[in-house]
Protein chains: 2
Amino acid sequence: MPTRKTFASNPAQNDAADTRTRILAAALKLFRKHGYHGVGLNDILELAQAPKGSLYHHFPGGKEEIGVAVVDQIAKGILGLFAASRARSTAAMIAQVGEQMAQTIERTNHELCALYTAFLAERSSSPDLGNAVAKAYAEMTGSLKARLVADGMPAKLAKDRASFVVMLLEGGATIAQAQQSVAPFRLAVKQAALLCDVALK
Amino acid sequence: MPTRKTFASNPAQNDAADTRTRILAAALKLFRKHGYHGVGLNDILELAQAPKGSLYHHFPGGKEEIGVAVVDQIAKGILGLFAASRARSTAAMIAQVGEQMAQTIERTNHELCALYTAFLAERSSSPDLGNAVAKAYAEMTGSLKARLVADGMPAKLAKDRASFVVMLLEGGATIAQAQQSVAPFRLAVKQAALLCDVALK
DNA sequence: CATTCTGTAGACCAGTCGGTCTAGCTACGC
DNA sequence: GCGTAGCTAGACCGACTGGTCTACAGAATG
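Along every chain, residues carry numbers that run from 1 in the direction the sequence is written. For naming, the first written chain is A and the first written ligand is 1, with later ones following in the order written. Local features in a predicted model are, by the rule used here, given only for residues with pLDDT of at least 70; side-chain atom pairs are given and counted only at 80 or more, and totals for whole chains, interfaces and linings are based on all residues. Hydrogens are left out, water is left out, and the side-chain values use all remaining heavy atoms of the structure.

It is not clear to me how the interface of chain B and chain A should be interpreted in this structure. Could you clarify?
Often, the extent of an interface is quoted as the loss of accessible area upon association of its parts. Facing 36 residues of chain B, the contacting portion of chain A comprises 36 residues. Summed over the three residues of chain B that lose the most area to chain A, namely B:Leu120, B:Phe164 and B:Met167, the buried surface amounts to 19% of that side. In what follows, salt bridge is the name for a side-chain nitrogen of Lys or Arg lying within 4 Å of a carboxyl oxygen of Asp or Glu. Remark: the boundary between chain B and chain A carries zero salt bridges. As used in this structure description, the phrase polar contact means that two N or O atoms lie within 3.5 Å; if the pair is within protein, one of them must be able to donate a hydrogen and the other to accept it, and residues adjacent in sequence are counted only when both atoms belong to side chains. Counting across the chain B and chain A interface gives zero residue pairs in polar contact (both at pLDDT 80 or more). Top element by residues in the side of chain B that touches chain A is helix α7 (residues 155-179) of chain B. It accounts for 15 residues. Under this grouping Gly is polar, as are all residues other than the nonpolar Ala, Val, Leu, Ile, Met, Phe, Trp, Tyr, Cys and Pro and the charged Asp, Glu, Lys and Arg. For the side of chain B that touches chain A, the residue count by class is 16 nonpolar, 14 polar and six charged. Two residues form a contact once any of their heavy atoms are found within 4.5 Å. By definition, the buried area sums, over both parts, the 1.4 Å-probe accessible area that each loses when the two are put together. Where helices and strands are cited, they refer to DSSP runs of H or I of at least four residues and of E of at least two residues respectively, numbered from the N terminus.

Before we go on, may I ask you to explain the relation of the copies chain B and chain A in this structure?
Superposition of the two copies of the chain requires a rotation about an axis together with a shift along that axis. Here the copies were fitted onto each other by least squares, based on C-alpha atoms from residues at pLDDT of at least 70 in both. With an RMSD of 0.0 Å, the fit of chain B onto chain A corresponds to turning through 180° and sliding 0.0 Å along the axis. Expressed as a symmetry operation, the mapping of one chain copy onto the other fits a two-fold axis. Minimal C-alpha separation from the rotation axis in chain B is found for B:Gly171, amounting to 1.9 Å. Most of the interface of chain B is mirrored in chain A, where 100% of its interface residues are also at the interface.

What am I meant to see in the nonpolar core here?
In globular proteins that are soluble, nonpolar side chains generally tend to be buried together. The biggest cluster of nonpolar side chains holds 131 residues, and the ones touching the most others in it are A:Phe119 and B:Phe119. Per-element tally for this core: the top contributor is helix α7 (residues 155-179) of chain A, with 13 residues. Among all residues touching B:Phe119, those that are not within four sequence positions of it are B:Phe31, B:Tyr36, B:Gly67, B:Val70, B:Val71, B:Ile74, B:Leu129 and B:Val133. Put simply, a nonpolar core is a bunch of buried Ala, Val, Leu, Ile, Met, Phe, Trp, Tyr and Cys residues held in one set by side-chain atoms that sit within 4.5 Å of each other. Partly exposed describes any residue whose relative accessible area lies between the buried limit of under 20% and the exposed limit of over 50%, with all areas from a 1.4 Å probe on protein chains only and scaled to the type maximum.

What is the right way to look at the environment of A:Ala83 in this model?
Mapped onto the secondary structure, A:Ala83 falls in helix α4 (residues 62-84). Separated by 60 residues in sequence, A:Ala83 and A:Ser143 have C-alpha atoms that sit 8.9 Å apart.

Could you clarify how one ought to interpret the packing of aromatic side chains in this entry?
Centre-to-centre distance and the angle between the planes together describe a pair of aromatic rings. Residues and elements named next belong to chain A. Aromatic pairing here means that ring centres of Phe, Tyr or Trp (its six-membered ring) are within 6.5 Å. Orientation follows from the plane angle: under 30 degrees is stacked, over 60 is edge-to-face, and everything else is tilted. Tallying each qualifying case throughout the model produces six aromatic pairs over all chains. For the pair Phe-31 and Phe-119, a centre-to-centre distance of 5.6 Å together with 85° between the ring planes defines the contact as edge-to-face. Within this pair, whereas Phe-31 is found in helix α1 (residues 19-34), its partner Phe-119 is found in the loop between α5 (90-107) and α6 (127-151), the two being separated by 88 residues in sequence. Considered together, Phe-31 and Phe-119 belong to a single accessibility category, that of buried residues.

How do you make sense of the packing of α1(A) against helix α2 (residues 41-48) of chain A when you look at a structure like this?
Angle between the axes and distance between the axes are the two parameters that describe a pair of packed helices. Residue and element names in this part refer to chain A. At a closest axis distance of 8 Å, the pairing of α1 and α2 adopts a crossing angle of 125°. Classed by the angle they form, the pair α1 and α2 counts as oblique. As α1 packs across α2, the resulting crossing turns out to be right-handed. On α2, the residues that touch Arg-22, Ile-23, Ala-26, Ala-27, Lys-29, Leu-30 and Phe-31 of α1 are Asp-43, Ile-44, Leu-47 and Ala-48. Each residue belonging to the contact of α1 with α2 can be placed in one class, and the counts come to eight nonpolar, no polar and three charged. Think of each axis as a best-fit line through the C-alpha atoms, taken over the contacting stretch in the case of a helix, with angles from 0 to 180 degrees between the N-to-C directions. When describing relative orientation, an angle under 35 degrees is termed roughly parallel and one over 145 degrees roughly antiparallel, while 65 to 115 degrees is termed roughly perpendicular and anything else oblique. Here a crossing is taken to be left-handed if its near helix is turned anticlockwise relative to the far helix by less than a right angle, and right-handed if that turn runs clockwise.

So what exactly am I meant to see when it comes to helix α2 (residues 41-48) of chain B here?
Because the α-helix completes a turn every 3.6 residues, residues three or four places apart line up on one side. Residue and element names in this part refer to chain B. The set of residues buried in α2 consists of Leu-41, Ile-44, Leu-45 and Ala-48. The arc enclosing the buried residues of α2, seen along the axis, measures out at 95°, which places them on a common side. Projecting away from the buried face of α2 at angles above 90 degrees are the exposed residues Asn-42 and Glu-46. Check the buried side of α2 and you find it contacts α1 (19-34), α3 (52-58) and α4 (62-84). As used here, the arc is the angular range of directions from the helix axis to the C-beta atoms.

What should I look at first to understand the side chain of A:Ser126 in this one?
On the secondary structure map, A:Ser126 appears in the loop between α5 and α6. A distance of 2.6 Å separates a polar atom in the side chain of A:Ser126 from a polar atom in the side chain of A:Glu64.

What is the right way to read unusual backbone geometry from this model?
Backbone geometry follows two general trends: most residues other than glycine have a negative phi, and most peptide bonds adopt the trans configuration. All names here are of chain B. A positive phi angle is found at Gln-49, which is not glycine, with a value near 55°. On the secondary structure map, Gln-49 appears in the loop between α2 and α3. You can call Gln-49 exposed: its relative accessible area is 64%. The phi angle at Gln-180 is positive, at roughly 55°, despite the residue not being glycine. By the element assignment, Gln-180 lies in the loop between α7 and α8 (183-198).

Sorry, what's going on with the pattern of salt bridges here?
Two side chains with opposite charge may pair up if their charged atoms get near one another. All names here are of chain A. As enumerated under the stated definition, the model contains eight salt bridges over all chains in all. The salt bridge involving Glu-106 is made with Arg-186; its shortest N-O contact spans 3.3 Å. One end of the pair, Glu-106, is in helix α5; the other, Arg-186, is in helix α8 (residues 183-198), with 80 residues separating them in the sequence. The class of Arg-186 is partly exposed, set by a relative accessible area of 30%. A single salt-bridge network, built from bridges that share partners, covers Glu-99, Glu-106 and Arg-186.

Have a look at this one:
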């Protein structure tokens with residue numbers, strides 16, 4: 001598997017994943033656990049087993065560029081879950097994806113729950129990061145809205161409901177982390193699904 | 001107005017508020033804007049117009065103690081809003097308090113929205129802060145549940161609904177900050193109130 | 001072989017971090 | 001007056017921050 005384009009993988013160091021991927025994975029894990037400002041580049045580097053030179057080679061924009069990449073990746077992941085769901089109704093899809101998220105929360109000992117919470121405070125100090133977060137939310141809401149409309153819900157209502165569900169997931173994840181329990185999150189998911197189902201009015 | 005106990009106010013510096021209060025107010029503002037890790041002690045000191053010695057006199061525990069104090073203060077504030085509300089039903093109370101929060105969000109240019117988001121990532125590095133956040137959520141949920149029970153809602157359902165409302169407020173505030181718009185938050189509040197009202201089933 | 005390009009490796013930097021320490025001021029008890 | 005406690009004031013500290021820089025290893029191209 002080539003690292004990039006025509007460049008064959010380095011047989012010495014790239015055992016499993018290339019350096020860029022390792023750095024991104026490490027950053028994802030740490031940012032969601034400690035928050036953007038709570039993580040130092042050295043933490044990322046240590047976890048990724050990479051030197052600083054590699055980091056700035058793959059991410060010339062430094063920490064901020066890594067942050068944006070992580071936000072994008074999270075968004076892509078959730079959107080991917082939505083897309084991959086074969087559930088018949090939107091309500092069923094939310095229940096299914098929500099359960100997948102709940103299990104992730106459990107698997108990580110309630111450490112990496114909140115979706116973008118970790119990045120939220122950055123708008124003032126870093127417009128790029130703030131925009132990335134806003135875009136991620138907008139995409140999730142948009143995707144959900146589209147599904148609801150396809151179900152037959154009026155556009156205006158669908159938009160509100162989609163926004164509502166996203167809020168619920170975010171808030172639920174946040175509180176799950178605070179309380180060290182997924183129970184609130186599961187409750188939120190259940191209610192959100194219910195709301196998309198019965199409330200097609 | 002004496003600063004503390006029998007100690008008369010310092011005529012030179014304590015014009016409006018004593019130093020401890022100023023430090024706390026500054027920390028509150030900055031933490032909610034940039035997050036716990038995004039704020040340095042020097043930032044707080046500059047905004048509060050206080051020297052470092054005063055900070056460590058009033059908060060021997062340093063930054064962490066300030067963080068805990070800020071979380072407590074936020075919780076006290078919201079609980080106070082609940083208590084002060086003269087609304088007849090719980091639903092009306094939520095609508096009223098939610099509107100007050102929405103106005104605060106607007107007044108601060110969507111900068112200090114999320115309730116505890118800023119502190120959430122700290123559980124791993126600081127148990128005290130994590131516990132303070134968890135306690136704050138528990139208190140809010142408890143207070144809301146008590147109101148709902150007083151309204152005649154069964155205890156189990158009231159607990160779920162209270163938890164649900166808190167999640168919604170938190171998620172709504174988070175997304176309001178991300179999108180730089182209170183509209184999602186107002187929507188969340190409306191839905192939350194509705195849910196407490198019609199769903200007494 | 002020589003050059004070049006991709007990427008690794010880590011020493012190094014100025015600036016900032018949270019935190020400590022001593023000095024001094026002011027108001028009160030005596 | 002004197003001593004002491006409450007509090008202000010800020011110099012100072014080692015650790016660490018994000019970021020830059022040079023050196024170099026290896027595969028690709030000629």
